[in-house]
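One-letter residues, chain by chain:
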Amino acid sequence: NVGYIGTVDYSKLHRDFLDISTKIDIKDIQFIVCGGDDEKNIKQEAMDKNISEKFKFTGKVSNIKEYLSLFDVFGYPLSPYHYGTCDQALAEAMACGTPCVSTNVGDSNEIVGEFGWIVPPQSPLELADAIALALIEYNNYPELWRKRKFNSAQHIKKNFELKSMVHNFHKVWGE
């Protein structure tokens, strides 16, 4: 399961999101897309491309914890020009121990770092390859995957907990 939580609209999602999914040749892959705004149009687009069986569009959800527990990988194919913040969604996924694959937009590289996969937003095929690589690791190297999940969660808890953030804020503010 490759999960996404956020605005489901091409103002935030990479325009090639659906095409990226078709490049990943993993048996029984499922993209769980949580969020609203334009999901009905993107769902229709997936149906028009005959790839809708790969997707589950949930619309807006009130409890993301339920979905985060289903994700094996958090896929975050962001538009190079998206308007929103990506830190919240990435941090929540990683805090739950879900490794992330994201485009390098905004602060995604600083959040995910070495604990996941970051690719340039101009390279949709690299994003497909990174998601496939993550799923291959998940399926074939369970010990490495457990370590990645643990390190991902520890990284967020250590560097992005409230106490650390307040300390860093005061440090920067003091400068």
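Further up the page is the structure itself.
To keep things clear, this report deals only with the structure shown in the data block. Numbers given for residues are sequential positions, taken from 1 along each chain in its written order. Residue-level local features of this predicted model are given only where pLDDT is at least 70; pairs of side-chain atoms are given and counted only at 80 or more, and the full residue set underlies all totals for whole chains, interfaces and linings. Think of the side-chain values as coming from all heavy atoms in the structure, minus any hydrogens and water.

1. Observations concerning helix α2 (residues 39–48)
Stage number 1. Only protein chains enter the accessibility calculation, which uses a 1.4 Å probe. A residue is then buried if its area is under 20% of the maximum for its type, exposed if over 50%, and partly exposed in between. Only DSSP runs of H or I with at least four residues qualify as helices, and only runs of E with at least two residues qualify as strands; both kinds are numbered from the N terminus onward. Among all positions of α2, only Glu39, Ile42, Glu45 and Ala46 are buried. Along the long axis of α2, the arc covered by the buried residues comes to 120 degrees, so they all point the same way. Counted as exposed and oriented over 90 degrees from the buried face of α2: Lys40, Asn41 and Asp48.
Stage number 2. Elements that come into contact with the buried residues of α2 comprise α1 (17–22) and β3 (55–59).
Stage number 3. One or two steps after α2, the chain reaches Asn50, where phi turns positive at roughly 60 degrees. Our arc is simply the arc of the directions from the helix axis toward the C-beta atoms. It only takes one pair of heavy atoms within 4.5 Å for two residues to be counted as in contact.

2. A word on the pattern of salt bridges
Stage number 1. For this document, the term salt bridge refers to a Lys or Arg side-chain nitrogen within 4 Å of an Asp or Glu carboxyl oxygen. In the structure shown here, the tally under the stated rule is five salt bridges.
Stage number 2. The shortest N-O distance in the salt bridge between Glu137 and Arg148 comes to 2.6 Å. With Glu137 in helix α6 (residues 124–140) and Arg148 in helix α7 (residues 142–159), this pair connects stretches of sequence that are 11 residues apart. Both residues of the pair, Glu137 and Arg148, count as buried.

3. Section: the sheet that holds strand β4 (residues 73–76)
Stage number 1. What the six strands build is an open sheet, ordered β3-β2-β1-β4-β5-β6; its pairing is parallel. Each edge of the open sheet is held by one strand with a lone partner, namely β3 and β6 (117–119). Direction aside, neighbouring strands of the sheet carry axes that sit 20 degrees apart on average.
Stage number 2. Where strand β5 (residues 100–103) and β6 come together, three bridges link them in parallel fashion. By the bridge assignment, Thr103 is partnered in β6 with Val119.
Stage number 3. Under this scheme, a helix contributes an axis fitted over its contacting stretch, all axes are lines through C-alpha atoms, and angles between N-to-C directions fall in the 0 to 180 degree range. Docked against the sheet, helix α4 (residues 87–95) engages β1 (2–5), β4 and β5, running at close to 170 degrees with respect to β4. Any two strands are treated as partners once DSSP identifies two or more bridges connecting them.

4. Points about the packing of aromatic side chains
Stage number 1. When two rings of Phe, Tyr or Trp (its six-membered ring) have centres within 6.5 Å they constitute a pair, described as stacked for plane angles under 30 degrees, edge-to-face for angles over 60, and tilted for the intermediate range. Across all of its chains, the model carries 10 aromatic pairs by this definition.
Stage number 2. Both rings, one in Phe17 and one in Phe55, keep their centres 5.7 Å apart while their planes meet at 70 degrees; by these two values the pair is edge-to-face. Highlighted residues: Phe17 in helix α1 and Phe55 in strand β3, separated in sequence by 38 residues. Residues Phe17 and Phe55 agree in their burial class; the two are buried.
Stage number 3. Feature note: the residues Tyr4, Phe71, Phe74 and Tyr76 constitute an aromatic cluster, connected by ring pairs.
Stage number 4. Sitting over a ring, as applied to charges here, requires NZ of Lys or CZ of Arg to be within 6 Å of the ring centre and within 35 degrees of the ring normal. The ring of Tyr10 has Arg15 lying over it, and the distance from NZ or CZ to the ring centre is 4.0 Å.

Functional significance is not addressed by these values, which are geometric in nature.
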